[in-house]
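# Results of the structural survey
Listed here are the chains, written in short residue letters.
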Amino acid sequence: MTADIDKTDGPADTPPAGPEAIKAIPVRHYGRYISAVVALAALGAIVYAFSQGRINWGAIPDYFFNDRILSGVGKTLLLTVLCMIIGIVGGILLAVMRLSKNPVTSSIAWFYIWFFRGTPVLVQLIVWFNLGLVFEYINLGPIYKDEWSQFMTPFLTALLGLGLNEAAYMAEICRAGLLAVDEGQTEASHALGMSHAKTLRRIVIPQAMRVIVPPTGNEVINMLKTTSLVSVVQYSELLRVAQDIGQTSGAPAEMLFLAAAWYLVLTSIFSVGQYYLERYYARGSSRSLPATPLQKIRANLLSLSNRNSAGGTA
């Protein structure tokens, strides 16, 4: 009995050793290192070339907040907002007309979109500005009558040229958003006795906004940059003012860089607004919303502080 007990308590009862830990060796991506070095070298060459050029960099901060420059920035923003309002309202109407079962309204909307998307916006601006060569007067009967040159100001030319052109692009964006809504939604609302207009307003358009908003944000940013084209019709927006100051101050290249810097600032602000707007409309489709930039910064700072505290405790 004693021998049997000794046998059971021997080395055979020790648990077997676990599998040996695998030592993972990371794969070396030499192509990434080479491409990073090439990109940094190209960036350094560009910076060095501009640093050696005959550019008065001090003129840019001197004129950055100039009254004329700020006035041009304000007119650029005003033109962007008004043209986008015309484009969005016109785009929704054209999209509804395009989807209509009425062949007349559908054909008119198709022709409008075909014409304005098929001709360059710069050509459209020049045509609007020079219609005084075709029409001497504008006559709206008892409502309004005046010479065409007095009626078609540079501001109105820019508003019509950019706004009507934008409506054609927004029509296709709105049409894609409306078609993205399941047809069962419309059928269910009609079964409940809702009219076609009420169905669009209450059911279809709110759901289509999730598809419409992201490309619309891109269109706003694109419109902000496209306003620079109205300098050819002598409207004093940002680019036109910068060119005028450059000619009088003897720093034309520097003023162009200044205008580019202002466009970058404005587009960056608009991009942040677009991000939060997309996040707002994604609430009904995503279970977890992506973290905002502020939330990402807070999370990184919190993880960094936790690491420091853990290291100090160790």
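Going by the structure above, here's the rest.
Definitions and limits used
Residues numbered from 1 in each chain as written. Predicted model: local features only at pLDDT ≥ 70, side-chain atom pairs only at ≥ 80, totals over all residues. Heavy atoms only, no water. Patch = residues over 30% accessible without salt bridge, like charges linked within 9 Å, V, L, I, M, F, W, Y side chains within 5 Å. Areas by Shrake-Rupley, 256 points an atom, 1.4 Å probe, with all protein chains shown as cover. Salt bridge = Lys/Arg side-chain N within 4 Å of Asp/Glu carboxyl O. Helix = DSSP H or I, 4+ residues; strand = E, 2+ residues; numbered from the N terminus. Core = buried A, V, L, I, M, F, W, Y, C linked by side-chain atoms within 4.5 Å. Buried < 20%, exposed > 50% of the residue type's maximum accessible area, 1.4 Å probe, protein only. Contact = heavy atoms within 4.5 Å. Phe/Tyr/Trp six-rings, centres within 6.5 Å; stacked < 30°, edge-to-face > 60°.

### Observations concerning a nonpolar patch on the surface
- Among the surface-exposed residues, Y30, Y33, I34 and V38 lie close enough to one another that they form a single nonpolar patch of about 470 Å² accessible area.
- Mapped onto the elements, I34 comes out in helix α2 (residues 30-52).

### A word on the nonpolar core
- Membership of the largest hydrophobic core comes to 22 residues, with the highest contact counts inside it found for L79, C83, L162 and V230.
- Those elements that place two or more of their residues in this core are α4 (67-98), α6 (121-129), α8 (154-180) and α10 (196-226).
- Ranked by the residues each element gives to this core, the list is headed by α8, at 7 residues.
- Once residues lying within four places of it in the same chain are set aside, the contact partners of V230 are L79, L125, A158, L162, Y235 and E237.

### Let's talk about the packing of aromatic side chains
- Inspection of the entire model under this criterion finds 11 aromatic pairs.
- Considering the side-chain rings of F111 and W114, the 5.6 Å spacing of their centres and the 40° angle between planes classify their relative orientation as tilted. Residue F111 and its partner W114 are both found in helix α5 (residues 103-118); the two are separated by 3 residues, about one turn of the helix.
- Taking 5.3 Å as the distance between ring centres and 85° as the angle between the ring planes, the aromatic pair formed by F115 and F116 counts as edge-to-face.
- For F116, a relative accessible area of 11% puts it in the buried group.
- A connected cluster of aromatic rings, assembled from ring pairs, spans W110, F111, Y112, W114, F115 and F116.

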